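The chain contents come next:
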Amino acid sequence: MEPNQAPVAPAQFGSFKSSMVRFHYGHPEIFDRIFRIIRGGISKASKTINLSEDIFAGFNSTLRGGYIVHHDYIQVGKGRDVGMNQISSFEAKVANGNGEQTLSRDVYRLGCRFDFFRMLSFYFTTVGFYFNSTVTVLTVYLLLYGRLYLVMSGMEREILENSITNQNKSLEAALIPQSVFQMGILLILPMLMEISLEKGFRTALDDFIIMQLHLASVFLTFQLGTKAHYFGRTILHGGSKYRATGRGFVVFHAKFADNYRLYSRSHFVKGLELGMLLTVDDWTDWKRWMGIRGGLGIHPEKSWESWWDGEQEHLKYANIRGRVFEIILALRFFVYQYGIVYHLDIAHHSRSWLVYGLSRGVMVAAFLLPKIVSVGRQILGIELELVFRMLKAFLFLAFLGITIVLSKAYGLTISDLLAVVLAFLPTGWALLLAFVGGANVEANKGDGQSI
């Protein structure tokens, strides 16, 4: 048995011997041909639902009265994903497959037939791990948006200034141990116990310290976001697909465009961070990728537009429930605008809904201006280039005049303009996501290109 397989072997042996809920662990796999043939075979009809085809074979065997055994062999191994992009692609593929398993009838039937203890083991070793990962990420979002609400509404200042809250020693005593467990101590304990069982407690402690020096916690947190993103998207919309990871030589220069395609939707902040590390070579490749128009036969690696269409392809198969959830999730970005507009100097500390309504009007105007320029370019064309330039000059002077009037008459400041730009970014992203989630891509192709 190889060393890198050792931590997994006890769990596999336990799931087989005690609960009989082992369904799959790597290749090679050997099937009882006679057992399979007389019970429907192993073929599956859908490459989307049955993306993780090997575990569905285990589901079918268990549902039909069979079971799966686990054997360890000396010096039997397979190619491993050891590169960052390879691991992320593999995690995305497995999370997609697990989302389809969660929605499948096979998992439902197993849940109906297992006893309570086998069901717990089944949950922990299959869909439960990805569901818990998603809940963990959603909890972080809930915590941060709750904190944002407290700050924007002024409740945090009220709580901090309240002497009764500051002197609540029992509350502090309850929060201190909770914060320790939130650091992931409970998730580390199973690994420490397993390595201690095989190699001793001192070796387990040494391995844990070395992993922290290697920033394993940062890497595992990054992969947690990958699992939650692709699992949640599959639950809402389906549309999982096979992702080729490759197991070649991993020490090479990855283009920024490749990293952007892989991490932009699941790790948007990480994509912004990588943007600061661009080199001149990558910037040229990035501009070329962004500039080429998409179309039939244009691969996502060649065009940003083709990549964007591929990212939205899963929405073509989403039902009304998935689209409604997509729109509801996009509305969370409006919280930023709601909190920012009431702190502008021009608002004069007003809490009226009229302030928020006027801010929505400004957003609509900001979206209409580029559209007017685009339509003007199409109508006037090259022959009336002078008229088109005059149109742009008029729009600029109108914007400048309105800004001056608001500054002199209503107290608009430079900080207000910066805050408006800050509010425009999440609001524009929310409108884009809501449009993409709610519109039919084929029926509104023209509108989609406009957006």
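Refer to the structure printed above.
First, a word on scope: everything that follows refers to the structure included in this document. Numbering of residues starts from 1 in every chain and runs along the sequence as written. Residues qualify for local features only when their pLDDT is at least 70, as the model is predicted, and side-chain atom pairs are given and counted only at 80 or more; totals for whole chains, interfaces and linings, by contrast, use all residues. Side-chain figures throughout are based on the complete set of non-hydrogen atoms in the structure, without hydrogens or water.

A few points about the packing of helix α3 (residues 53-63) against helix α5 (residues 105-113)
In step 1: To get an axis, fit a line to the C-alpha atoms, keeping to the stretch in contact for a helix; angles then go from 0 to 180 degrees between the N-to-C directions. Going along the chain from the N terminus, every DSSP run of H or I of four or more residues is numbered as a helix, and every run of E of two or more is numbered as a strand. One can describe the packing of α3 onto α5 by two numbers: an axis separation of 10 Å at closest approach and a directional angle of 35°. As for how α3 packs across α5, the hand of that crossing is left-handed. Here α3 contributes Phe56, Phe59, Asn60, Thr62 and Leu63 to the contact with α5, which in turn contributes Asp106, Val107, Arg109, Leu110 and Arg113.
In step 2: When its residues are assigned to classes, the contact of α3 with α5 shows 5 nonpolar, 2 polar and 3 charged. Handedness of a crossing follows from how the near helix is turned relative to the far one, being left-handed for an anticlockwise turn of less than a right angle and right-handed for a clockwise one. Only heavy atoms enter the contact rule, under which two residues are in contact if any of them lie within 4.5 Å. Each residue gets one label: Ala, Val, Leu, Ile, Met, Phe, Trp, Tyr, Cys and Pro are nonpolar, Asp, Glu, Lys and Arg are charged, and the others, such as Gly, are polar.

Examining the packing of aromatic side chains
In step 1: For Phe, Tyr and Trp, where Trp contributes only its six-membered ring, two rings pair if their centres lie within 6.5 Å, and the inter-plane angle classes them as stacked under 30 degrees, edge-to-face over 60, or tilted in between. Under the counting rule described, the total for this entry stands at 12 aromatic pairs.
In step 2: For the pair Tyr141 and Tyr145, a centre-to-centre distance of 6.5 Å together with 15° between the ring planes defines the contact as stacked. Taken as a pair, Tyr141 and Tyr145 lie in helix α7 (residues 127-153) at a separation of 4 residues, close to a single helical turn.
In step 3: One aromatic cluster is present, formed by Phe56, Phe59, Phe114 and Phe122 through successive ring pairs.

A short note on the side chain of Asn96
In step 1: Secondary-structure assignment places Asn96 in helix α4 (residues 84-103).
In step 2: Leaving out residues up to four positions away in the same chain, Asn96 has contacts with Leu51, Tyr230, Thr234, Ser240, Lys241 and Arg243.

Quick notes on empty space enclosed by the protein
In step 1: Each cavity reported here is a set of points on a 1 Å grid over the protein atoms alone in which a 1.4 Å probe fits but cannot get out, each pocket an open set with protein on both sides within 12 Å along at least five of seven lines, and each lining residue one with an atom within 4 Å of a point. Grid points are joined across faces, edges and corners, and a volume is the space filled by probe spheres set on the points. Following the criterion strictly, the structure yields 2 cavities of 30 Å³ or more and no others.
In step 2: Of the pockets and cavities examined, the largest cavity occupies roughly 40 Å³.
In step 3: Along the walls of the largest cavity sit Asn96, Arg233, Thr234, Gly238, Gly239, Ser240, Arg243 and His314, which together make up its complete lining.
In step 4: A class-by-class count of the residues in the lining of the largest cavity yields no nonpolar, 6 polar and 2 charged.
In step 5: A volume near 30 Å³ is recorded for the second largest cavity.
In step 6: Those elements giving two or more residues to the lining of the second largest cavity turn out to be α12 (216-237) and α13 (256-263).

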